[in-house]
Amino acid sequence: VCASLRQSAPLVVSGAENSFRPRIECAAVGGLRHCAAASSASSRLSMQRWPIGLLLDAVATLAGTGGKQLLRHAALTGKHRYYALGLILTAVIDPIFDVAAYTYAAQSIIAAAAGLVVVWNVLLAPYTLGEALTRERKLGSALIFAGTLLVGVSGSHAEVERTPAQYLSLFARPEACAYYASFAAWIAVCAARLCRVGAGKVERGFLVAAAGGSLGGNTFTTKAASELLASGAADPECDGCPFRSPAFYLLAGCTAATASTALLLLGLVLREHDALFAITVYSGFYILSGALSGNFVMDEKRGRPAASLAAYCASVGVVLLGLAVLGLGERGEGAGAAAA
């Protein structure tokens, strides 16, 4: 039967490091449902799926950015027809493409693409808000875009078929638990410091945005839920369908809770601080958190040579450098305007 064969069949990593992965698929033969291994040809094709994931996430971030700017435009101009379009882009198009992206690429790759939100904001601002495209904005956007492409090239291209129970076992490994403890300690440090910083202070905004980005970047439950959703939708009648496991709904619920809390924290920062400052800090910690949890919780670093991991770290560094260039450039402009 499908469920028993899923347990007995080896789940082998495929990608640049391996040439074959027996994908577990359900088929109907003689009226009975069972599982079979796909061919090695389909496994080799899966090695090239990450560009699709990056493209889907680029569309998601563009839709989210455009939707937010339309909502702001509607609020400033009173043209309420833009509210509907803005909500469709942010609440429908963005989540659909974002979830789809996780089914094509590793979490550590998609998380780094969060910096594209800042790029779209910078590129659209001259047309939607009448803001100038400064040298720092051009340089920062170019670094973020180039770094995102490099992350895609140097990131993990391996794929592993897992059941809901196997995802829970993966998330309960000692290495993953050590990451949870470190993350909890970081959040505790932010909370303790926030108790000593008054409202409206730049440090307070930084800490809240950093905590929100760190929480939002923990998208390993999103990756797991997206993979299981795609697997279950492909054959919902299979005995091993993930929709029949409570673990799937637990992972989906955790995804909704962390994403909502992270966006709530970002919204709190945006009430008191400049949007580019808040989003830049949020995106930077989102990328860091996503890269760390992808490698230590999802174990996407397994089987990869040291040179490949070093290239990935350097690529993430390029994205963060681009965010820093943008942030420092905006602070310089703000100081110049205040002096004038």
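For the structure, see preceding data.
Let us look at the structure shown here. (Residues numbered from 1 in each chain as written. Predicted model: local features only at pLDDT ≥ 70, side-chain atom pairs only at ≥ 80, totals over all residues. Heavy atoms only, no water.)

1. Some thoughts on the nonpolar core
For step 1, the next point in the chain: Core analysis: the biggest nonpolar cluster contains 43 residues, and Ile109, Leu116, Val118, Ile144, Val151, Tyr286 and Ile287 have the highest contact counts within it.
For step 2, the next point in the chain: In this view, Tyr286 contacts Tyr102, Ala111, Ala114, Gly213, Ser214, Gly216, Gly217 and Thr219; residues no more than four positions away in its chain are not counted.
For step 3, the next point in the chain: Of all hydrophobic cores here, the second largest spans 15 residues; its members include Phe171, Ala176, Leu251 and Val297. (Core = buried A, V, L, I, M, F, W, Y, C linked by side-chain atoms within 4.5 Å. Buried < 20%, exposed > 50% of the residue type's maximum accessible area, 1.4 Å probe, protein only. Contact = heavy atoms within 4.5 Å.)

2. Considerations on the pattern of salt bridges
For step 1, the next point in the chain: Within the structure shown, the criterion is met by seven salt bridges.
For step 2, the next point in the chain: Ionic pairing is found between Arg173 and Glu175, a salt bridge with its closest N-O pair at 3.0 Å.
For step 3, the next point in the chain: Classification of Arg173 as buried rests on a relative accessible area of 17%.
For step 4, the next point in the chain: Between Glu227 and Lys223 there is a salt bridge, with its nearest N and O atoms 2.8 Å apart. Of the two residues, Glu227 and Lys223 both sit in helix α11 (residues 220-234), four residues apart, roughly one turn of that helix. No difference in accessibility class separates Glu227 from Lys223, as the two residues are buried.
For step 5, the next point in the chain: Each of Arg173, Glu175, Asp299, Lys301 and Arg302 takes part in one network of salt bridges that share partners. (Salt bridge = Lys/Arg side-chain N within 4 Å of Asp/Glu carboxyl O. Helix = DSSP H or I, 4+ residues; strand = E, 2+ residues; numbered from the N terminus.)

3. Regarding the environment of Ala63
For step 1, the next point in the chain: For Ala63, the position within the fold is in helix α3 (residues 50-77).
For step 2, the next point in the chain: Judged by its relative accessible area of 7%, Ala63 is buried.
For step 3, the next point in the chain: With 28 residues separating them in the primary sequence, Ala63 and Ala91 have C-alpha atoms 9.5 Å apart.
For step 4, the next point in the chain: With residues near it in sequence (within four places) discarded, Ala63 still touches Leu89, Thr90, Ile93 and Asp94.

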